[in-house]
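What follows is the residue order along each chain.
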Amino acid sequence: MMGKKLFAATIGAGFMSASVQAADVEVIHWWTSGGEQKAVTVLAEEYNKLGNDKWVDTAVALGENARSLTMQRILGGDAPGAAQFNTSRQFEELIEEGLLLDLTPVAEKEGWKNFIRPSSILNPCMKDGGIYCVPVNIHSNQWLWTNKKVFADVGVKEPHTWEEFLTVAPKIQAAGYIPLAFGGQGWQERHVFDVVMIGMTDEKFWNSVWKDKDPKAASSDKMRKVFETFGALRQFTDAGAPGRNWNDATNMVITGKAAAQVMGDWARGEFAAAGKVAEVDYGCIPGPAKRPSLTLGGMHLSSLNPLIKTLKRHK
């Protein structure tokens, strides 16, 4: 068993590594859209250039499905070499159970704390002084992606605030386009709500609700306006929205079926994969808000290490 190698890395969310046979490092992730596949291919090619183990790709659609498979594999004693997780405390229990490889020696040698910024990206990888995952990307969520041809055809300007969007949306709809491409999945609904919330208010208010849990802020007139604006967006989506994947909604903007989509900066990969050019074919508007604010998040690769737990049991 001691001859087996352990691999750890992070892909845009979080990858965890486990004991694997030499020459094969299976990586479970949910990067399955066109743009995501191109990104993960770069990681795989660079890893394979090292000339040691081979990257074995296990792509599973949707993050919840990929994480569920990862946990099932761990509990079944067949953990992958590495797995993707979002930046959060999602894998803290795995650390506590000794199922993740401690990457502290590598992190200290390469000085991760000195160049990984902001610190909130690396902090979720840390517990009790150890570092257990590798941040591989940083995302911002507050973007409105637009099809410039649609706006030109309708004869309206791209909106830079939610008030402006609600003003032009009826005209876009009347012209036969879907004003807002939307994916009716839980995480997408929460995502759009957050974007509307910070766009209609400001950083201070957003933190008072989500960080400080201030009941006065949550029941204020500002929050009422957020709910009213979020609710008003429903009339400008389409009947096919429920259950739609985010990249399928992005494709609606790319192909000119829809005028705009609220999505994080990862949507840019879909436009790039389709050969579209920023500020020529599509626009990316921060906010939308009079004074845009961006939140930051990312993903991690972590090493799953069931070998440690097995040794503990038989000690």
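Quick caveat, the model's predicted, so the values are computed rather than measured.

(A) Region of the structure containing the overall build of the chain. Regarding its fold elements, the chain presents 15 helices and 14 strands. Scored against the burial criterion, the 315 residues of the chain give a buried share of 50%. Of the contacts formed within the chain by residues at least 6 apart in sequence, a portion of 75% connects residues at least 24 apart. For the chain, the accessible area works out to roughly 15600 Å², and carbon and sulfur atoms hold 52% of it.

(B) A look at the pattern of salt bridges. In this structure the tally under the stated criterion is nine salt bridges. Note that lysine 149 is salt-bridged to aspartate 153, the shortest N-O span being 2.9 Å. Residue lysine 149 and its partner aspartate 153 are both found in helix 7 (residues 148-154); the two are separated by four residues, about one turn of the helix. Among the residues examined, lysine 149 registers a relative accessible area of 56% and is labelled exposed. The salt bridge involving aspartate 238 is made with arginine 244; its shortest N-O contact spans 2.8 Å. A relative accessible area of 13% means that arginine 244 is categorised as buried. Overlapping salt bridges bring together Glu26, Arg73 and Asp78 as one network.

(C) A look at the nonpolar core. Core analysis: the biggest nonpolar cluster contains 33 residues, and Trp55, Phe91, Leu94, Leu100, Trp112, Leu122 and Ile131 have the highest contact counts within it. Those elements giving two or more residues to this core turn out to be strand 4 (25-29), helix 1 (34-48), helix 2 (63-75), strand 6 (82-86), helix 3 (92-96), helix 6 (119-122) and strand 9 (133-140). In contact with leucine 122, other than residues within four places in its own chain, are Trp112, Lys113, Ile116, Ile131 and Pro135. Residues Phe193, Met223, Ala260 and Val262 belong to the second largest nonpolar core, which totals 26 residues.

Conventions adopted
- Residues numbered from 1 in each chain as written.
- Predicted model: local features only at pLDDT ≥ 70, side-chain atom pairs only at ≥ 80, totals over all residues.
- Heavy atoms only, no water.
- Helix = DSSP H or I, 4+ residues; strand = E, 2+ residues; numbered from the N terminus.
- Buried < 20%, exposed > 50% of the residue type's maximum accessible area, 1.4 Å probe, protein only.
- Contact = heavy atoms within 4.5 Å.
- Areas by Shrake-Rupley, 256 points an atom, 1.4 Å probe, with all protein chains shown as cover.
- Salt bridge = Lys/Arg side-chain N within 4 Å of Asp/Glu carboxyl O.
- Core = buried A, V, L, I, M, F, W, Y, C linked by side-chain atoms within 4.5 Å.

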